[in-house]
Amino acid sequence: WPDLNFPLSSHLESFKAAYAGEEPAPSNFQREVSAMLEQDLGWRHIFEYRTAEGISLDLADPKSKRAIEVDGPSHYLQEVSSGDYV
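Residues numbered from 1 in each chain as written. Predicted model: local features only at pLDDT ≥ 70, side-chain atom pairs only at ≥ 80, totals over all residues. Heavy atoms only, no water.

A. Molecular detail of the overall build of the protein. Each helix and strand in the protein was counted, giving two helices and three strands. Secondary structure elements in the protein, listed N-terminal to C-terminal, are α-α-β-β-β. For the protein, with 86 residues in total, the buried portion stands at 22%. For the protein, the share of sequence-separated contacts (at least 6 apart) that also reach a separation of at least 24 residues comes to 29%. For the protein, the accessible surface area stands at approximately 6,800 Å², while carbon and sulfur atoms represent 55% of it. (Helix = DSSP H or I, 4+ residues; strand = E, 2+ residues; numbered from the N terminus. Buried < 20%, exposed > 50% of the residue type's maximum accessible area, 1.4 Å probe, protein only. Contact = heavy atoms within 4.5 Å. Areas by Shrake-Rupley, 256 points an atom, 1.4 Å probe, with all protein chains shown as cover.)

See below:
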């Protein structure tokens, strides 16, 4: 993607720096998925792996180039009045 020509390309480095500087905040759901994949399926992986480009992957096996992103509750909108996820 470094070769992409898009309107905000002049800001790419600052976007990457901001993203890479962000500390991961894994959910309990992400921890549960990680444990299940390792214990039940035997998939050995790195929890919160950061690539050389600074991208944070929830669960990754860099050697096989496989990764899983776990979308827990914080990835959805929550209705303020009812607390329901939409």
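From this point on, the discussion continues.
B. Quick look at the side chain of Ser-56. Among the secondary structure elements, Ser-56 is positioned in strand S2 (residues 56-61). Among the polar contacts made by the side chain of Ser-56, one reaches the side chain of Glu-48 at a distance of 2.9 Å. (Polar contact = N/O pair within 3.5 Å; in protein donor to acceptor, adjacent residues only side chain to side chain.)

C. Representation of the pairing of S2 in the model. Burial of S2 is extensive: six of the six residues sit out of reach of the surface. Sheet analysis places strand S1 (residues 46-50) next to S2, joined by four bridges and oriented antiparallel. From the neighbouring strand, Phe-47 faces S2, where its bridge partner is Leu-59. In textbook terms, the turn of a hairpin is the stretch between consecutive antiparallel strands, and for S1 and S2 this stretch comprises five residues, one of which, Gly-54, has a positive phi near 95°. Where S2 hands over to strand S3 (residues 66-68), the hairpin turn is made up of four residues, of which Lys-65 adopts a positive phi near 60°. (Pairing = 2+ DSSP bridges.)

D. Looking closely at helix H2 (residues 28-39). Here H2 spans 16 Å end to end across 12 residues, near enough to the 16 Å set by a 1.5 Å rise per residue. Those residues of H2 that sit buried are Gln-30, Val-33, Ser-34 and Leu-37. Burial along H2 is one-sided: seen end-on, the buried residues are contained in an arc of 100°. Across H2 from its buried face, at more than 90 degrees, point the exposed residues Asn-28, Glu-32 and Gln-39. (Expected span 1.5 Å × (residues − 1). Arc of directions from axis to C-beta.)

E. Molecular detail of unusual backbone geometry. A positive phi angle is found at Glu-48, which is not glycine, with a value near 55°. On the secondary structure map, Glu-48 appears in strand S1. Residue class for Glu-48 comes out buried when judged on its relative accessible area of 18%. Of note, Lys-65 is a non-glycine position whose phi angle comes to about 60°, a positive value. Mapped onto the elements, Lys-65 comes out in the loop between S2 and S3. Here Lys-65 falls in the exposed class, since its relative accessible area comes to 78%.

In short, shape yes, function no, at least from these values alone.
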